[in-house]
Amino acid sequence: MAESEEDLESLLLRVKEGSAKVGLKLNIKKTKIMASGPITPWQIEGEVVEAVTDFTFLGSKITADAAKGFGWTFIIQNSSSSSIYYLNFFLEKSCSFLDIAAKELPYIQSTLLSTMKNPSIGVKGAAAAGICTVALISACIALTVHLTVNRDSPPGTQASKPELIVNPVGDMGLHTVAVTAWLAFTVVDVRLARQANTAESAEKPAFSTGGDMLDYLLNLRIIDRKDGLLVSWYHAANKKSEMEEALKSDVMVLEADVTIEGLHTHNETDKPIMAHPPAIYSDNSLQEWLEAVLNASNKAIKLDFKSIKAVGPSLDILAKQSSQVAIDRPVWLNADILKGPNVPLNTAVNASLFLSLIQEKFPNCTLSPGWTTLYFPFFPNNTYTQKMVEEMHSLVGNLPQRITFPVRAVMVRPAWPHLSWLLMQSNRYSLTLWQGKTDPVTVEDLLFIRENSHPEQIFYDIYDPVLSQFKEKAREY
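These numbers come from a predicted model, not from an experiment. Residue positions are given per chain, counted from 1 along the sequence in the order it is written. Residues qualify for local features only when their pLDDT is at least 70, as the model is predicted, and side-chain atom pairs are given and counted only at 80 or more; totals for whole chains, interfaces and linings, by contrast, use all residues. Just so you know, side-chain values use all the structure's heavy atoms and leave hydrogens and water out.

Caption draft 1: Representation of the overall build of the protein chain. From N to C terminus, the protein chain includes 14 helices and 17 strands. Taking all 477 residues of the protein chain together, 47% fall into the buried category. Within the protein chain, contacts between residues at least 6 apart in sequence are counted, and of these 72% link residues at least 24 apart. All accessible-area figures derive from a Shrake-Rupley calculation using a 1.4 Å probe, and residue coverage is judged against the displayed protein chains alone. Carbon and sulfur atoms provide 56% of the accessible area of the protein chain, an area that totals close to 23,800 Å². We count a stretch as a helix when DSSP gives it H or I for four or more residues in a row; a strand needs E for two or more, and each element gets its number in order from the N terminus. To sort residues, take the accessible area from a 1.4 Å probe on protein chains only and compare it with the maximum for the residue type: under 20% means buried, over 50% means exposed, and anything in between is partly exposed. Should any heavy atoms of two residues lie within 4.5 Å, those residues are considered in contact.

What follows is the structure, encoded as structure tokens:
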């Protein structure tokens, strides 16, 4: 729209230059001018721009005489001008559309960024938001190219009437089209985000800290069946460097040791730290460890308490953390609470205090109560006895939690009659076989245990190469 021939030429030149900047070439042969008064054809950069008395807009034929009948937005002739010129090549409206889109881009950008940063929509929801926004901008560009390149105005045959000029869409109408398109894409965006978020939530549902380990890994699709042999472990992820290495690995469960800073020294505090005796200092506290593991992974947690002094403060931290940010994974709490095979002095954690603190402060967990043990290669060694397993069952049999008993793998086969009896006492019971670094665990002993138990009853926290050899043999059965 222009009010003088000079303005019209200026507008056309601006559009031509703007098109060139984005790789488009203005087709002068398809560019027409319609005016409310007499006008002679004129040239731009040596090419003639044709003047017509009507044109086709979006499938409708527009003439000056019939302008009033369309009921569209129109512009009345400026009293100071003898005629109003209309440039009918649609590129002007295409550019207006792009101008509006450009004006809306800050809003689109801020909306997109806020949507993508919103953790509630999930990763797939953010992706859907991005796709929808790109689709909207692409639609604007496609419309511009279509109107610029493909539209052709039929030659006019009627004389123009110097009354008014019709603007079939108008600036306000065009703005409405742009906003309506954005709203339409926003609705699709929100719906897709909600659907994606629902799907993502289904993949990773909220999970109880006292839930079954195998159910949790199944829900995450990390394993494909309930089999303790499929679960992988990282031992002693205590120091920050060890923890970071464990977080980068593909293991499923992080095991770490908790004690009190400066235990049994004049520097002793009540601060739980991640260290295995004899170490009593660490660069990693339980608070820091929990925050890192929860923020950076979906790995399950096993905490091994080396001192009863660490239990109460640690459970307080767990409870507080759980109240602030949901701990959406299994938490196993381990301590050796009974004197076991080959141990001359009782160094076990106080059993009744350990169990009562858990019931009081953090009952929603899996208990992992074990026996202190010693093993001497090349010397006669005792193993778990019926008396030991009965004493353990008497301590935990009436508790509500799931319970996995950590047992030294090298001692399990000779004690199998007693340990299998223990497993039969409750469907909440399981065994976690662990290996000392120098323990001579054999594949044959592990195969015996697997053949005489259910896959979901036994977890295998065993070192390679024995574990890999065992898994290979287990596949053959």
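The discussion continues.
Caption draft 2: Structural view of the nonpolar core. Judged by nonpolar contacts, the single largest core of 76 residues is most densely connected at Trp289, Leu303, Leu333, Trp371, Leu433 and Tyr460. In this view, leucine 433 contacts Val407, Ala409, Val412, Leu446, Ile449, Ile458, Phe459, Tyr460, Asp461 and Ile462; residues no more than four positions away in its chain are not counted. Counting residues in each nonpolar core, the second largest holds 14 residues, with Leu214, Leu220, Val231 and Trp332 among its members. To define a nonpolar core, start from buried Ala, Val, Leu, Ile, Met, Phe, Trp, Tyr and Cys residues and group those joined through side-chain atoms within 4.5 Å.

Caption draft 3: Structural detail: a nonpolar patch on the surface. A cluster of nonpolar side chains, namely Leu374, Phe376, Phe378 and Phe379, defines an oily patch on the protein surface of about 510 Å² accessible area. Mapped onto the elements of the fold, leucine 374 is located in the loop between strand S14 (366-372) and helix H10 (386-396). The partly exposed category is assigned to leucine 374, whose relative accessible area is 34%. Each patch is built from residues lacking any salt bridge and having more than 30% relative accessible area; the joining distance is 9 Å for like charges and 5 Å for nonpolar side chains (Val, Leu, Ile, Met, Phe, Trp, Tyr). What makes a salt bridge here is a side-chain nitrogen of Lys or Arg within 4 Å of a carboxyl oxygen of Asp or Glu, nothing more.

Caption draft 4: Quick look at the pattern of salt bridges. Per the counting criterion, the structure on display carries 15 salt bridges. Note that arginine 408 and aspartate 439 form a salt bridge whose closest N and O atoms lie 2.7 Å from each other. Of this pair, arginine 408 sits in strand S15 (residues 402-408) while aspartate 439 sits in the loop between strand S16 (429-434) and helix H13 (443-451); the two residues are 31 residues apart in sequence, bridging distant segments of the chain. Judged by its relative accessible area of 10%, arginine 408 falls in the buried class. Through salt bridges with shared partners, a single network forms among Asp212, Asp215, Lys226 and Arg402.

Caption draft 5: Geometry of the confidence of the model for the protein chain. pLDDT is defined as a per-residue confidence score from the predictor, taking values between 0 and 100. Looking at the protein chain as a whole, the pLDDT averages 77, with 65% of positions reaching at least 70. For the stretch residues 67-98, pLDDT sits under 50, and the model shows 108 contacts to residues farther than four places along the chain or on other chains. Low confidence marks residues 145-176, where pLDDT is under 50. Its contacts with residues over four positions away, or in another chain, come to 87 contacts.

Caption draft 6: Local environment of H13. Along H13, the residues classified as buried are Val443, Asp445, Leu446, Leu447, Ile449 and Arg450. Tucked into the core, H13 has its buried residues touching helix H11 (409-412), helix H12 (416-423), S16, strand S17 (458-461) and helix H14 (466-475).

Caption draft 7: Spatial organisation of the packing of H10 against H12. Orientation is described by axes fitted as lines to C-alpha atoms, over the contacting stretch for helices, and by angles from 0 to 180 degrees between their N-to-C directions. One way to put it is that H10 packs onto H12 with a least axis distance of 9 Å and a crossing angle of 20°. Relative to H12, the element H10 lies roughly parallel. Both H10 and H12 take part in a crossing whose hand is right-handed. The segment H10 lies against H12, with Gln386, Val389, Glu390 and His393 engaging His418, Leu419, Trp421 and Leu422. For this classification, under 35 degrees means roughly parallel, over 145 means roughly antiparallel, 65 to 115 means roughly perpendicular, and everything else is oblique. Each crossing gets its hand from how the near helix is turned against the far one by less than a right angle, where anticlockwise is left-handed and clockwise is right-handed.

Caption draft 8: Spatial organisation of the pairing of strand S12 (residues 300-305). Of all 6 residues in S12, 6 are buried; the element is thus mostly enclosed. Here S12 shows a buried face lined by Ala300, Lys302 and Asp304 and a second buried face lined by Ile301, Leu303 and Phe305. Note: strand S10 (residues 253-260) against S12, 6 bridges, orientation parallel. Its bridge partner lying in S12, aspartate 257 is registered against aspartate 304. When DSSP finds two or more bridges between two strands, those strands count as paired.

Caption draft 9: Representation of the environment of leucine 294 within the structure. One can find leucine 294 in helix H7 (residues 286-296). Owing to a relative accessible area of 13%, leucine 294 belongs among the buried residues under this scheme. When near neighbours in sequence (up to four residues on either side) are disregarded, leucine 294 contacts Ile301, Gln321, Ile327 and Arg329.

Caption draft 10: Region of the structure containing the packing of aromatic side chains. We call Phe, Tyr and Trp rings a pair once their centres come within 6.5 Å, taking the six-membered ring for Trp, and we label the pair stacked below 30 degrees between planes, edge-to-face above 60, and tilted otherwise. Inspection of every chain in the model, using the stated rule, returns 9 aromatic pairs. Aromatic pair phenylalanine 405 and tyrosine 429: ring centres 4.9 Å apart, planes at 85°, arrangement edge-to-face. In this pair, phenylalanine 405 sits in strand S15 while tyrosine 429 sits in strand S16, placing the two residues 24 residues apart along the sequence. Here phenylalanine 405 and tyrosine 429 have matching classes, each one buried. Through successive ring pairs, a cluster of aromatic residues spans Trp371, Tyr384, Phe405 and Tyr429. Charge-over-ring placement is defined geometrically: NZ (Lys) or CZ (Arg) within 6 Å of the ring centre, and within 35 degrees of the ring normal. Directly above the aromatic system of phenylalanine 448 lies the positively charged group of arginine 413, at a separation of 4.4 Å from the ring centroid.

Caption draft 11: Region of the structure containing the layout of surface pockets. Grid points spaced at 1 Å and placed over the protein atoms alone form the basis of the search, with a cavity being a set where a 1.4 Å probe fits but cannot get out and a pocket an open set showing protein on both sides within 12 Å along at least five of seven lines. Lining residues have an atom within 4 Å of a point. Grid points are joined across faces, edges and corners, and a volume is the space filled by probe spheres set on the points. Considered as a void within the structure, the largest pocket measures approximately 1,000 Å³ in volume. With 3 residues, S12 is the largest single contributor of residues to the lining of the largest pocket. Amino acids are sorted into nonpolar (Ala, Val, Leu, Ile, Met, Phe, Trp, Tyr, Cys and Pro), charged (Asp, Glu, Lys and Arg) and polar (every other residue, Gly among them). Residues belonging to the lining of the largest pocket are distributed by class as follows: 15 nonpolar, 12 polar and 12 charged.

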